[in-house]
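A look at the structure
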Amino acid sequence: MSIVAEHARQRGALLPILHALQETFGCIDDAAIPLLAGALNLSRADVHGVVSFYHDFRRTRPGRHVVKMCRAEACQAMGADALLDHARRSLTVDAHGTTADGAFSLEPVFCLGNCALSPAVMIDGVLHGRVGPERFDALTADLRAQDQAEDAR
Amino acid sequence: MSHRLTSIYVPRDAAALSVGADAVAAAIRAEASRRGLPLRVVRNGSRGMLWLEPLVEVATDAGRVAYGAVTPADVPSLFDAGFLTGGPHPLGQGLTEEIPFFKKQERLTFARCGVIDPLSVEDYRAHGGFRGLENALAMTPAEIVATVTESGLRGRGGAGFPTGVKWNTVLNAEADEKFVCCNADEGDSGTFADRMMIEGDPFCLIEGMTIAALAVGATAGYVYMRSEYPHATETLRHAIRLAYDEGWLGENIHGTDRIFHLEARVGAGAYICGEETAMLESLEGKRGMVRAKPPLPALQGLFGKPTVVNNVLSLCAVPIILDRGADYYRDFGVGRSRGTLPFQLAGNIRQGGIVEKAFGVTLHELLYEYGGGTISGRPIRAVQVGGPLGAYLPPAQFDLRKDYEAFAAQGAMLGHGGIVVFDDTVNMARQARFAMEFCAIESCGKCTPCRIGSTRGVEVIDKIIAGQDVDDNLALLDDLCEVMLDGSLCAMGGMTPFPVRSAIKHFGEDFRPTTASPSATGIRAGDAP
């Protein structure tokens, strides 16, 4: 509720609030919907309609690392489809899915704005350009190694 | 040697960061301290020569000298080669502004991008920043609108509507409150100029929006950012805070009694929110559903109030118009396309990046003289101009002059100036299928031709690719395209037929597997395991 209060003065505050909730909790929990409806004087259907409209808002928590992979035209011209296939095989996960160990969620997206250095991938908000299969494996291997080091501590 | 610290520029643009600019900056700092050499590292925007990123520049007496693409491993050898005084090195590119790709450009909008520290008001002012706003503060709203109208500036978001005419409508609307909204939802593949401007020269956008507000009598504004651009959003929010701190935004702009409040809002991954009325709905906290027009947003826009909605590049062209005058800007360009457009070379291109040129440059010049052909070394087979809703053009049309009317006459659109290059391994039937698939995924669902038509389009193209009743299904597809074109509420459904029809028209062999060209087999260069 403190998140809602923080944004109360903004007009059209629902999107900023949903972003803040997802940032804090990893997803938009079902329980948040009636709370937001009450606080913003909207119907629950209104809030549900907004949450379900936008690709970014999740109803369940993602993996530890979110891999956004561009599959728009400029990246297609540089092999993005093949890279997405590679990622699905190497992580053993489907598009929009999360790996069994909860390490990675794979999200195909349309355009990360790095179209002259395609294919582009964004991992946990960090943009990478010219990502071929080898570089992709190196990036994900680094993250796994970091996670293991943290778990060991 | 002077006593000034040597300045080294390492871009903080997201594209530069994506290929390791932060690591390069850290390596330069570490190497300098190891050698006991004091220097100043400035994190600038990008010069737009993206194939050379990370592009490191050194300020010398002769001008800025460029080295690229630099990796952290190159840094010790750069010091050994005396790069602090512009010494020769295998990565040396000479004086930045003499690099052929850069030298022949006409940079008005991007004049400061990559040159200054994007988060320094002082640097911005030292390079002509806020002079347009200072002039505007001394003018009446009608005079500002007249100047923009006379400049010939047209909306850079794609539609090319005259900016001054739009502003005049908002100026003349009676209301207790008006808004200025910047559409920074740059969702088209092959476009990144908005992002680069916001990361490389954010005060320019802030200044342009403030001038727009003065021109129409608005007191509040929003920039609608993409969630895919976290770095740009962070940069813009930082710049907005600095502008407030230094009196360029808020209650008393530059010591006057003029008011303008500005806030950056972030979308949530919906492409359709780049359509102006869907963007307004989203800013109001709703689903990004397209509104029927009329009423025009200029009369009933955000929260039902008169609203200026402009693209980033339109607003970023405004400060120089108010600074140098309408004539100065209008003197660039051809016919009814005045000024410059930052073209963006993307996809399979050797030298990708920003080429800001006056209207009238041809695709051929852009693709070969600037772009240097494909990076794969194979021939260019197709380019898509103007984003996912833009037409695919074959090499036979590369002599087309880049201006709004010449493109419209060819059933294509110049759009945002984004150009995506494909080599001869592309399968155009698959690209046509993708256009329909993209529309099916991103349609807001309000009108039937777009919502249902796109899904039916994918199905029909799948049948064509499978070789099923090809002639009948091509006729059906053409009919479907006609319905979407005529019956859709906005450009999403209304223009998806452009890439589909142009692919069929210019690359018909890819739709007929029986008379197949090698590329019609559906196998692409990168598909092998």
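Residues numbered from 1 in each chain as written. Chains lettered and ligands numbered in written order. Predicted model: local features only at pLDDT ≥ 70, side-chain atom pairs only at ≥ 80, totals over all residues. Heavy atoms only, no water.

If you look chain B up in an unreviewed UniProt entry, it shows as Formate dehydrogenase beta subunit from Azospirillum cavernae. UniProt, in the comment section headed Sequence similarities (unreviewed entry), describes chain B in these words: "Belongs to the complex I 51 kDa subunit family." (UniProt positions renumbered as here; feature names shortened; annotations may be inferred.)

Another point: the sheet that holds strand 8 (residues 261-266) of chain B. All names here are of chain B. A sheet is described by the order of its strands in space; here four strands give the open sequence 8-7-6-9, paired in parallel fashion. The sheet is open, and its two edges are formed by strand 8 and strand 9 (307-311), each paired on a single side. Between one strand axis and the next, the sheet turns by 20° as a mean value, whatever way the strands run. As paired elements, strand 6 (residues 179-183) and strand 7 (residues 220-225) share five bridges and run parallel to each other. Its bridge partner lying in strand 7, N183 is registered against Y224. (Pairing = 2+ DSSP bridges. Helix = DSSP H or I, 4+ residues; strand = E, 2+ residues; numbered from the N terminus. Axes fitted to C-alpha atoms, helices over the stretch in contact; angles between N-to-C directions.)

A word on the packing of helix 17 (residues 428-442) of chain B against helix 18 (residues 448-465) of chain B. Residues and elements named next belong to chain B. It is at 8 Å that the axes of helix 17 and helix 18 come closest, and there the two elements cross at 155°. In terms of orientation, helix 17 and helix 18 fall into the roughly antiparallel class. Crossing of helix 17 against helix 18: the hand is left-handed. Between helix 17 and helix 18, the contacting residues are A429, R430, A432, R433, M436, E437, C439 and A440 on the first element and C450, G453, S454, T455, G457, V458, I461, D462 and I465 on the second. In terms of residue class, the contact of helix 17 with helix 18 is made up of nine nonpolar, four polar and four charged. (Parallel < 35°, antiparallel > 145°, perpendicular 65-115°, else oblique. Left-handed = near helix turned anticlockwise from the far one by under 90°. Contact = heavy atoms within 4.5 Å. Nonpolar A, V, L, I, M, F, W, Y, C, P; charged D, E, K, R; others polar.)

A word on the sheet that holds strand 13 (residues 353-358) of chain B. Residues and elements named next belong to chain B. Taken together, the five strands give an open sheet; going across it, the order is 13-12-16-14-15, and neighbouring strands pair in mixed fashion. Strand pairing shows two members of the sheet lacking a second neighbour, strand 13 and strand 15 (392-393), which therefore form its edges. One ladder, built from two bridges, connects strand 14 (residues 380-385) with strand 15; its direction is antiparallel. Looking at the pairing, V383 lines up with L393 of strand 15.

So, about empty space enclosed by the protein. All names here are of chain B. Evaluation of the coordinates by the stated rule reveals two cavities of 30 Å³ or more. Estimated volume of the largest cavity: approximately 60 Å³. Together, 13 residues line the largest cavity, and V290, C444, C447, C450 and C490 are the ones closest to its centre. Of the pockets and cavities examined, the second largest cavity occupies roughly 40 Å³. (1 Å grid on protein atoms, 1.4 Å probe; cavity = no way out; pocket = protein on both sides within 12 Å on 5 of 7 lines; lining within 4 Å. Points joined across faces, edges and corners; volume = space filled by probe spheres on them.)

What follows is about the environment of V421(B). Relative to the assigned elements, V421(B) resides in strand 16 (residues 418-423). Taking relative accessible area as the criterion, V421(B) reaches 0% and is therefore assigned buried. It is 9.8 Å that separates the C-alpha atoms of V421(B) and I375(B), two residues lying 46 residues apart in sequence. The residues contacting V421(B), other than those within four sequence positions of it, are A77(A), A346(B), G347(B), N348(B), I349(B), L367(B), T374(B), I380(B), A382(B) and V383(B). (Buried < 20%, exposed > 50% of the residue type's maximum accessible area, 1.4 Å probe, protein only.)

Okay, helix 18 of chain B next. The end-to-end C-alpha distance of helix 18 of chain B, which contains 18 residues, comes to 25 Å, matching closely the 26 Å that a straight helix rising 1.5 Å per residue would cover. Approximately 30° is the largest bend angle found in helix 18 of chain B, and it occurs at S454(B). (Expected span 1.5 Å × (residues − 1). Bend = angle between axes of the 7 residues up to and from the residue.)

Residue and element names in this part refer to chain B. Within strand 9, five of the five residues are buried, which leaves the element mostly enclosed by the surrounding structure. Strand direction decides the pairing type here: strand 6 and strand 9, joined by five bridges, are parallel. By the bridge assignment for strand 9, V180 is matched with V308.

Residues and elements named next belong to chain B. Its domain assignment divides chain B into domain 1 (6-104), domain 2 (121-331), domain 3 (333-423) and domain 4 (428-511). Domain 2 and domain 3 are separated by 26 Å when their C-alpha centres are compared. Area buried by domain 2 at its contact with domain 3 is led by R154, R156 and F192, which between them contribute 32% of it. Where domain 2 packs against domain 3, one counts zero salt bridges. At the boundary of domain 2 with domain 3, the tally comes to six residue pairs in polar contact (both at pLDDT 80 or more). Broken down by secondary-structure element, the contributors of at least two residues to the side of domain 2 that touches domain 3 are helix 9 (193-200) and helix 14 (326-330). Ranked by residue count, the leading element in the side of domain 2 that touches domain 3 is helix 9, at three residues. When the residues that make up the side of domain 2 that touches domain 3 are grouped by side-chain class, the tally is six nonpolar, ten polar and seven charged. (Domains from an automatic or database assignment. Buried area = accessible area lost by both parts, 1.4 Å probe. Salt bridge = Lys/Arg side-chain N within 4 Å of Asp/Glu carboxyl O. Polar contact = N/O pair within 3.5 Å; in protein donor to acceptor, adjacent residues only side chain to side chain.)

When a protein is soluble and globular, its nonpolar side chains tend to lie buried together. Grouped together as the largest cluster of nonpolar side chains are 160 residues, with contacts concentrated most on Y54(A), W167(B), L205(B) and I272(B). Among the elements that take part in this core, helix 10 (residues 202-216) of chain B stands out by supplying eleven residues, more than any other. Setting aside its immediate chain neighbours within four residues, L205(B) contacts C182(B), I198(B), V223(B), L236(B), V312(B), L315(B) and C316(B). Counting residues in each nonpolar core, the second largest holds 30 residues, with I349(B), F359(B), F398(B) and L400(B) among its members. (Core = buried A, V, L, I, M, F, W, Y, C linked by side-chain atoms within 4.5 Å.)

Across the boundary between the two partners, chain B contributes 63 residues, which contact 39 residues of chain A. Surface buried jointly by chain B and chain A totals about 3,900 Å² across both partners, of which 56% is contributed by carbon and sulfur atoms. Scanning the region where chain B abuts chain A turns up two salt bridges. The salt bridge involving R11(A) is made with E177(B); its shortest N-O contact spans 2.7 Å. The interface formed by chain B and chain A contains 25 residue pairs in polar contact (both at pLDDT 80 or more). When residues of the side of chain B that touches chain A are traced back to their parent elements, those giving at least two are helix 1 (14-18), strand 7, strand 8, helix 12 (276-283), strand 12 (340-347), strand 16 and helix 17 of chain B. Considering every element that reaches the side of chain B that touches chain A, the biggest residue donor is helix 17 of chain B, with six residues. Class assignment for the residues of the side of chain B that touches chain A results in 31 nonpolar, 18 polar and 14 charged.

A separate point is the pattern of salt bridges. Using the criterion set out here, one finds 41 salt bridges over all chains in the structure. Note that R195(B) is salt-bridged to E199(B), the shortest N-O span being 2.9 Å. Within this pair, R195(B) and its partner E199(B) are both found in helix 9, separated by four residues, close to a single helical turn. For the pair R195(B) and E199(B), a shared accessibility class is recorded, and that class is buried. For E284(B), the salt bridge is made with R291(B), and the minimal N-O distance between the two is 2.9 Å. Three or more residues are tied together by salt bridges with common partners; here these are R71(A), R433(B), E437(B) and D462(B).

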